[in-house]
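# Structure at a glance
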Amino acid sequence: MRIRILWPAGQATATLAATPTADALWAELPISSTASTWGEEVYFGTPVSVPREDGARQVVEPGTVAFWTDGDSLALPYGPTPISHGGECRLASPCNVIGALDGDARVLRTVRPGDPIRVERA
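## Points about the overall build of the chain
- If you tally the helices and strands in the chain, you get one helix and ten strands.
- When the helices and strands of the chain are read in sequence order from the N terminus, they spell out β-β-α-β-β-β-β-β-β-β-β.
- In terms of overall dimensions, the chain is globule-like: its C-alpha atoms have a radius of gyration of 13 Å, near the 14 Å expected for 122 residues.
- With 122 residues in all, the chain has 43% of them scored as buried.
- Sequence separation of 24 or more characterises 70% of the internal contacts of the chain that already satisfy a separation of 6 or more.
- Accessible surface for the chain amounts to roughly 5,600 Å². Of this, 50% is attributable to carbon and sulfur atoms.

Following this line, the structure appears as structure tokens:
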């Protein structure tokens, strides 16, 4: 499953893994939301609400597509957040890992708080 994430200054594609959370997100696409940022992470709300899966992680690689179950949001880290140690990508709490961005995750640097975000099937 591949998705496209669009915002006014750019876009990215991602490949989703076969997980219950990814399947739940896929079933809701397309979705529109509003971007928020937290350090070098973009996150935004979704209509999906799922429990935390086994294997949920708080420290992930740049470009990970994560689902933050505490906020029903997609979290897209591309660098350190305010709670990171060193250069790691540390999410606010453990998240379901559902995929990875294709290409350089630093494209997310062009997302601004309040930007409209659209996620669709690619």
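After that view, the rundown keeps rolling.
## Re the pairing of strand S7 (residues 64-68)
- Summarising burial for S7: four of the five residues are buried, a large majority.
- Here four bridges tie S7 to strand S9 (residues 89-101), and the two strands are oriented antiparallel to one another. The residue of S9 that forms the bridge with Val65 is Gly99.
- Strand direction decides the pairing type here: S7 and strand S8 (residues 73-77), joined by three bridges, are antiparallel. By the bridge assignment, Trp68 is partnered in S8 with Ser73.
- Adjacent in sequence and paired antiparallel, S7 and S8 are bridged by four residues, among which Asp72 carries a positive phi angle near 50 degrees.

## Looking at the pattern of salt bridges
- Enumeration over the complete set of coordinates arrives at six salt bridges.
- Linking Glu120 and Arg118 is a salt bridge whose minimum nitrogen-to-oxygen distance equals 2.9 Å.
- Classification of Glu120 as buried rests on a relative accessible area of 18%.
- One connected set of salt bridges, linked through shared partners, spans Arg4, Arg118 and Glu120.

How each quantity is defined
- Residues numbered from 1 in each chain as written.
- Predicted model: local features only at pLDDT ≥ 70, side-chain atom pairs only at ≥ 80, totals over all residues.
- Heavy atoms only, no water.
- Helix = DSSP H or I, 4+ residues; strand = E, 2+ residues; numbered from the N terminus.
- Rg over C-alpha atoms; globule rule 2.2 N^0.38 Å.
- Buried < 20%, exposed > 50% of the residue type's maximum accessible area, 1.4 Å probe, protein only.
- Contact = heavy atoms within 4.5 Å.
- Areas by Shrake-Rupley, 256 points an atom, 1.4 Å probe, with all protein chains shown as cover.
- Pairing = 2+ DSSP bridges.
- Salt bridge = Lys/Arg side-chain N within 4 Å of Asp/Glu carboxyl O.

Take it as geometry only, folks, not as evidence of what the structure does.
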